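Coordinates in review
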Amino acid sequence: MAQFTTRIFYSEDDFWRIRDFLRDVFLLNDRRMLCWPVFRWDYWRCHGILNLRDGSLERDVYLWETEKGQIAAVLNPEEPGQVYLQIHPSYKSSDLEEQMIDYAEENLREPRQRSGDVMWIWCDAGDAQRQAILARHGFTPIHNATEHAWRRSLEMPIPQKSIRQGYTIRPLGDVSELPSRCWASWKAFHPKEPDEKYDQDCSWYQNIQAAPLYRHDLDLVAIAPTGEVAAFTTIWYEDSTRTGYFEPVGTVPEYQRQGLGSALLYGGMRRLKGIGATLVLVVGGTIHANGLYQSVIGPDFDLSVPWEKRWSG
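A short tour of the structure in this document, coming up. If you're wondering where the values come from, they're calculated on a predicted model, not measured in any experiment. (Residues numbered from 1 in each chain as written. Predicted model: local features only at pLDDT ≥ 70, side-chain atom pairs only at ≥ 80, totals over all residues. Heavy atoms only, no water.)

Thoughts on the packing of helix α4 (residues 94-107) against helix α5 (residues 128-136)
- Packing of α4 against α5 brings their axes to within 10 Å, and their N-to-C directions diverge by 45°. In terms of axis orientation, α4 runs oblique to α5. As α4 runs across α5, the sense of the crossing is right-handed. Between α4 and α5, the residues in contact are Ser94, Glu97, Glu98 and Ile101 and Gln129, Arg130, Ile133, Leu134 and Arg136, respectively. (Axes fitted to C-alpha atoms, helices over the stretch in contact; angles between N-to-C directions. Helix = DSSP H or I, 4+ residues; strand = E, 2+ residues; numbered from the N terminus. Parallel < 35°, antiparallel > 145°, perpendicular 65-115°, else oblique. Left-handed = near helix turned anticlockwise from the far one by under 90°. Contact = heavy atoms within 4.5 Å.)

What to know about helix α6 (residues 178-189)
- Spanning 12 residues, α6 covers 16 Å between terminal C-alpha atoms, matching the ideal 16 Å at 1.5 Å per step.
- For α6, every residue scored as buried is listed here: Leu178, Arg181, Cys182, Ala184, Ser185, Trp186, Lys187 and Ala188.
- Residues of α6 that are buried in the fold lie against α7 (203-209), β10 (219-223), β11 (229-238) and β12 (243-251). (Expected span 1.5 Å × (residues − 1). Buried < 20%, exposed > 50% of the residue type's maximum accessible area, 1.4 Å probe, protein only.)

Considering the packing of helix α1 (residues 12-28) against helix α2 (residues 38-49)
- Where α1 meets α2, the closest approach of the two axes is 8 Å, and the angle between their N-to-C directions is 150°. Classed by the angle they form, the pair α1 and α2 counts as roughly antiparallel. On α2, the residues that touch Glu12, Phe15, Ile18, Arg19, Leu22 and Arg23 of α1 are Val38, Trp41, Asp42 and Arg45.
- Looking at the contact of α1 with α2, its residues break down into five nonpolar, no polar and five charged. (Nonpolar A, V, L, I, M, F, W, Y, C, P; charged D, E, K, R; others polar.)

These results come straight from atomic positions and should not be treated as a statement about function.
Encoded structure:
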């Protein structure tokens, strides 16, 4: 049995080493999202941590290293109580996963004042080994909260998607357009919130633009005849794996059902193919999002299921 040293994340060098590790694992997994790709790791840091305050690298990330100092596995949350096991295929074993789940239970629970602690550990629907371990630890699957990781080969033809007259799709403009982009994001992802809760602070978007893989030419918006941002998607492209990833994708409620989301996805795929990408990915967690992605990306996906455990208060 392989011997590992377990330690907490402690340096900027760890951030970049984990990026290299995730890139290698992604390729070994045939570019399937059985672990996080690099773009999701970057996005968690630049948006989840810096903007949403969802965790801390130095407090919440754990590394398992081989005797030669190579990373074998990484344990991390994405938001409080949502935990992911990133494991190199060469070291995936019941013993290692048992250790990682023990660490997660000890260190990464989400405390709730009235109902005790709770944790979700995400598991691929086809990973029988992890499912058995989670069941032994008292976790149960939550089948109505799954994530679909859709994928499409860009060797397939990309249909031409017309856009309604008066609308245009283009890269996001300069800093003067950030207020419109940020307002569109608020409306798309907080449709039931009162407008007065919006704080008009656009600095969070500049954190996203500072991400290592951010490219202005792949930060796309659909502009309404009024000149406002009606829909948007940011595409993350990693040339070493020739893979693009849409995150986020959103449409302002009053502009929905006009084909803007699909037009952005098709346009993004054409841009990706033009710079050498051969695969595109997007994750959907709602019925509406998955309907859009299936219609545009196609039928192929990996299914990730959260397994839940609760501790009484």
